[in-house]
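# Understanding the architecture of this molecule
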Amino acid sequence: MSSGGLRPGERFEWFSDLISREVIPTALSTECPADFEAEAAVLELGDVRMARFAFSPLRSRRTPALIRRGDPEQYQLGLIHSGRASFSQLRNDCSVSAGDLVFWDTSRPSDAEIPVQARRMELLMLQLPRHALPLADRNADRLLASRIPADQGTAAVLATFLRSLEAHAAQCASQRELGRLGSIAVDLLAAGLAQRLDAEEELPAEVRTQALLRHVHTFVDDHLGDPDLTPATIAARHNISLRTLHQLFQGTGETVQARIRRRRLERCRADLGRPGPLGHPIAVIAARWGFSGPTVFSRSFREAYGMSPTEFRALSVREQGPG
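It should be emphasised that the depicted structure is a prediction, and the values quoted were computed from it without experimental measurement.

## Remarks on the overall build of the protein chain
Along the protein chain, the regular secondary structure elements total twelve helices and eleven strands. Based on the C-alpha atoms only, the size of the protein chain along its principal axes is roughly 70 × 55 × 35 Å. Residue pairs in contact within the protein chain that sit at least 24 positions apart in sequence constitute 70% of those at least 6 positions apart. With an accessible surface of roughly 16,400 Å², the protein chain has 49% of that area assigned to carbon and sulfur atoms.

Below, the structure written as structure tokens:
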């Protein structure tokens, strides 16, 4: 959805109505209504929803009267892609910018402002029922309108997961799969908040397990180029036993080593599919993503995709055509 097809004088009113109808009743205002632009996209994840918004500077106020008018009784989380903003709720205040997370409660009055100097705000928003978060309200309240840096710990894993979900949601085959991904997002949010509160023991065991598995997945993806990436090194970096690591993967449909190999092959396949003049030699690509040698890589690639790396590259060049 975009305001682009509307007359300039209608765009802000369209966005205000959209937010009040699809998110929460909110009083929006802007200093430059004639220059206002906005875009929105929504992904349903079972009981959870993820939305992407891009919009011009504005102020948003959620008053007691607006809460009485309509309250979905949700927690909402924003992952800032670009821009900056200030948030206030329950005596907490924060400023956030690209790469930060911010968390709020639809049942409490709040105030948010994107200053004119920011020019444009882009964010992902996760909306979840309050009852879905396995944290006591008194603990969750401590983090309302607080800046949560997404560059380390479980918060970083959550941010990576949300970005990946946004990029690859179209590949999900069913509503059931989307619902499962929504549950994973909630578990990661719960684990990230609990980590900041030093209240991880409050979480159910399955939530802690899911968060640990996602930590491992992120670690694997970040270290695929390391030829010494093994189950043993992964277990050591996460302070768990090798047996515990293997148990984590029992319900995933693949072993730890199989995931490492699959993710390496996927990265190699993507590199091989690049236009010929820009492509690197096959041996260089194999080494870049952690394969011990071209022979091992070629054998693994053929087993996975039914053709050699050379054949796949030639096919990609033909499909892309000249230029």
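Moving on, there is more to tell.
## Considering the sheet that holds strand β10 (residues 121-129)
Note on sheets: strands pair through backbone hydrogen bonds, and any given pair is parallel or antiparallel. Read from one edge of the open sheet, six strands run β2-β3-β10-β5-β8-β11, paired in antiparallel fashion. The two strands at the open ends of the sheet, each matched to only one other strand, are β2 (38-45) and β11 (148-149). On top of the sheet, helix α4 (residues 153-168) reaches β2, β3 (48-55), β5 (74-82), β8 (100-105), β10 and β11; it is set at about 80 degrees to β5, its chief contact. Against the sheet, helix α5 (residues 175-197) engages β2, β3, β5, β8, β10 and β11, with an angle of about 100 degrees to β2.

## Quick word on the packing of aromatic side chains
This structure, assessed with the given rule, holds eleven aromatic pairs. Ring geometry for F291 and F297: centres 5.0 Å apart, planes at 55 degrees, overall tilted. Accessibility classification places F291 together with F297 in one group, the buried group. Joined through ring pairs, the aromatic side chains of F12, W14, F15, F36, F53 and F55 make up one cluster. The ring of Y305 has R269 sitting right over it, with the charged end atom 5.0 Å from the ring centre.

## Topic: α4
Here α4 contains 16 residues, and its C-alpha end-to-end distance of 23 Å stays within 8% of the 22 Å for a straight helix at 1.5 Å per residue. Taken residue by residue, α4 has T154, A155, A156, V157, L158, A159, F161, L162 and L165 as its buried positions.

## Looking at the nonpolar core
Across soluble globular proteins, you tend to see nonpolar side chains buried next to one another. Among the nonpolar cores identified, the biggest contains 43 residues, and F103, L126, L133, L162 and L189 are the most heavily contacted of them. Broken down by secondary-structure element, the contributors of at least two residues to this core are β2, β3, β5, β8, β10, α4, α5 and α6 (205-222). Element by element, the count of residues in this core is highest for α5, at twelve residues. Listed in part, the 28 residues of the second largest apolar core include I19, A51, V102 and A112.

## With respect to the packing of helix α9 (residues 256-272) against helix α11 (residues 294-305)
Close contact between α9 and α11 brings their axes to 11 Å; oriented N to C, the two are set at 90 degrees. By the angle class used here, α9 and α11 are roughly perpendicular. The residues of α11 that touch α9, namely those facing R261, L265, E266, C268, R269 and L272, are F297, S300, F301, A304 and Y305. Of the residues in the contact of α9 with α11, the class split is seven nonpolar, one polar and three charged.

## Points about the sheet that holds strand β9 (residues 110-114)
Judged by pairing direction, the sheet is antiparallel, and its five strands sit side by side in the order β1-β4-β9-β6-β7 without closing on themselves. Looking at which strands have only one partner, the edges of the open sheet turn out to be β1 (27-29) and β7 (92-97). Adjacent strand axes in the sheet meet at a mean angle of 10 degrees, parallel and antiparallel pairs treated alike. Taken strand by strand, helix α1 (residues 8-22) contacts β1 and β4 (58-62), and its axis lies near 155 degrees from that of β1.

## Here's the deal with the pattern of salt bridges
Applying the stated criterion across every chain, the model contains 25 salt bridges. Of the charged contacts in the structure, one is a salt bridge between D221 and R263, with a shortest N-O distance of 2.9 Å. Of this pair, D221 sits in helix α6 while R263 is found in helix α9, placing the two residues 42 residues apart along the sequence. For R263, a relative accessible area of 18% gives the class buried. A salt bridge links R262 to E266; the shortest N-O distance between them is 3.0 Å. Placement of the pair is R262 and E266 together in helix α9, with a separation of four residues, close to one helical turn. The network of salt bridges with common partners includes D221, E254, R259, R262, R263 and E266.

## Remarks on the packing of α9 against helix α12 (residues 309-320)
One way to put it is that α9 packs onto α12 with a least axis distance of 9 Å and a crossing angle of 45 degrees. Classified by the interaxial angle, the pair formed by α9 and α12 is oblique. Contact residues: R269, D271 and L272 in α9; P309, F312, R313 and S316 in α12. Tallied by class, residues from the contact of α9 with α12 come to three nonpolar, one polar and three charged.

## A short note on the environment of E122
Residue placement: E122 occurs in strand β10. Of the residues examined, E122 reaches a relative accessible area of 18% and is grouped as buried. Separated by 189 residues in sequence, E122 and E311 place their C-alpha atoms 41 Å apart. With residues up to four places along the chain from it excluded, the contact list for E122 reads R52, F53, A54, L79, I80, H81 and S82. Looking at E122, its side chain comes within polar contact range of the side chain of R120, at 3.1 Å.

Conventions adopted
Residues numbered from 1 in each chain as written. Predicted model: local features only at pLDDT ≥ 70, side-chain atom pairs only at ≥ 80, totals over all residues. Heavy atoms only, no water. Helix = DSSP H or I, 4+ residues; strand = E, 2+ residues; numbered from the N terminus. Contact = heavy atoms within 4.5 Å. Areas by Shrake-Rupley, 256 points an atom, 1.4 Å probe, with all protein chains shown as cover. Pairing = 2+ DSSP bridges. Axes fitted to C-alpha atoms, helices over the stretch in contact; angles between N-to-C directions. Phe/Tyr/Trp six-rings, centres within 6.5 Å; stacked < 30°, edge-to-face > 60°. Buried < 20%, exposed > 50% of the residue type's maximum accessible area, 1.4 Å probe, protein only. Lys NZ or Arg CZ within 6 Å of the ring centre and 35° of its normal. Expected span 1.5 Å × (residues − 1). Core = buried A, V, L, I, M, F, W, Y, C linked by side-chain atoms within 4.5 Å. Parallel < 35°, antiparallel > 145°, perpendicular 65-115°, else oblique. Nonpolar A, V, L, I, M, F, W, Y, C, P; charged D, E, K, R; others polar. Salt bridge = Lys/Arg side-chain N within 4 Å of Asp/Glu carboxyl O. Polar contact = N/O pair within 3.5 Å; in protein donor to acceptor, adjacent residues only side chain to side chain.

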